[in-house]
Amino acid sequence: MSFYEHGKTEDYLLELLGNSAPPGPSDVRRDAEKFGVPIVSDTGAQLLRIVTRMVRPRRILEIGTAIGYSGLIMLLNSDACLYTVDFDEAALDKARKNFAKYGMSGRVRILSGDVSDVVPMIEGSFDLIFLDGPKGRYHELLPHLVRLLPEGGTLLCDNVLYSGRMSGEREVPPEKRTIYDRLELFMRDVTSDPRLITSVLPVGDGMSLSVRKPI
């Protein structure tokens, strides 16, 4: 089951991905598909896995816990402590069970609440930030996330190409126009912010990868 629309390039990447081990816990991914919980794409999960290993973070911030799939990918590929934010208590209950199942509960801090309320209150710095929450909030959250990045810190954002709608490959229906407009603002800001070096990758539903320049 796919939670986004993709074309032949992604089909090819998925075919290649089949040559390697699954990027994340297969049982958790199956549960997400069973219950219709949107999670990171397989190709996106592989990129998240690689980025985590490259960054070797001590502290990770995740926006969008869901049932813990992407959080587990980062935890299983690092020794970091994960701070993860979500408002959905039913999903968070499943996430807690999944973290416990993999022996990761001691390395996880769940911050329950609306991202617009929680993220501005977070302090400290995070070597790796994974943004995979409500797309309509990305632009609003970006200044706070940049604030939390130290020099050399990495920001990875999922779903930034919005199933081809950002490029004009697919039409934007009226009911999705607000999300599109807000995501467009985010894309302009994350690619032009002088504090960041950013590349946008056509992986899954699109991922932006940013590194914080020296302060």
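This text follows the structure it describes.
Residues numbered from 1 in each chain as written. Predicted model: local features only at pLDDT ≥ 70, side-chain atom pairs only at ≥ 80, totals over all residues. Heavy atoms only, no water.

Asker: Honestly, the side chain of serine 41 in this entry has me stumped. Any pointers?
Answerer: With respect to the element layout, serine 41 can be found in the loop between helix H2 (26-35) and helix H3 (42-55). With relative accessibility at 4%, the residue serine 41 sits in the buried group. At a separation of 2.9 Å, a polar atom in the side chain of serine 41 contacts the main-chain amide nitrogen of glycine 44. (Helix = DSSP H or I, 4+ residues; strand = E, 2+ residues; numbered from the N terminus. Buried < 20%, exposed > 50% of the residue type's maximum accessible area, 1.4 Å probe, protein only. Polar contact = N/O pair within 3.5 Å; in protein donor to acceptor, adjacent residues only side chain to side chain.)

Asker: Explain the sheet that holds strand S7 (residues 207-212) to me, please; I cannot follow it from the model alone.
Answerer: One key point about sheets: their strands pair by backbone hydrogen bonds, in either a parallel or an antiparallel sense. On the basis of which strands lie adjacent, the open sheet formed by seven strands has the order S3-S2-S1-S4-S5-S7-S6 and mixed pairing. In this open sheet, the two strands that pair with only one neighbour each are strand S3 (108-112) and strand S6 (196-201). Strand-to-strand twist in this sheet, taken as the mean axis angle between neighbours without regard to direction, amounts to 15 degrees. With five bridges joining them, strand S2 (residues 81-86) and S3 adopt parallel strand pairing. Its bridge partner lying in S3, valine 85 is registered against leucine 111. In this fold helix H4 (residues 69-76) packs onto strand S1 (59-63), S2, S3 and strand S4 (128-131), with an angle of close to 165 degrees to the strand it touches most, S1. Where helix H5 (residues 89-101) meets the sheet, it contacts S2 and S3, and its direction lies at approximately 175 degrees from that of S3. (Pairing = 2+ DSSP bridges. Axes fitted to C-alpha atoms, helices over the stretch in contact; angles between N-to-C directions. Contact = heavy atoms within 4.5 Å.)

Asker: Hey, could you run me through H5 in this one?
Answerer: Residues lying three or four places apart along an α-helix face the same way, a consequence of the helix completing one turn every 3.6 residues. The terminal C-alpha atoms of H5 lie 18 Å apart, and with 13 residues this matches the ideal 18 Å at 1.5 Å per residue to within 8%. Within the sequence span of H5, burial applies to Ala91, Leu92, Ala95, Asn98 and Phe99. What you see down the axis of H5 is that its buried residues fit within an arc of 120 degrees, all on one side. In H5, the exposed residues that point more than 90 degrees away from the buried face are Lys97 and Lys101. The inward-facing, buried residues of H5 abut H2, H4, S2 and S3. (Expected span 1.5 Å × (residues − 1). Arc of directions from axis to C-beta.)

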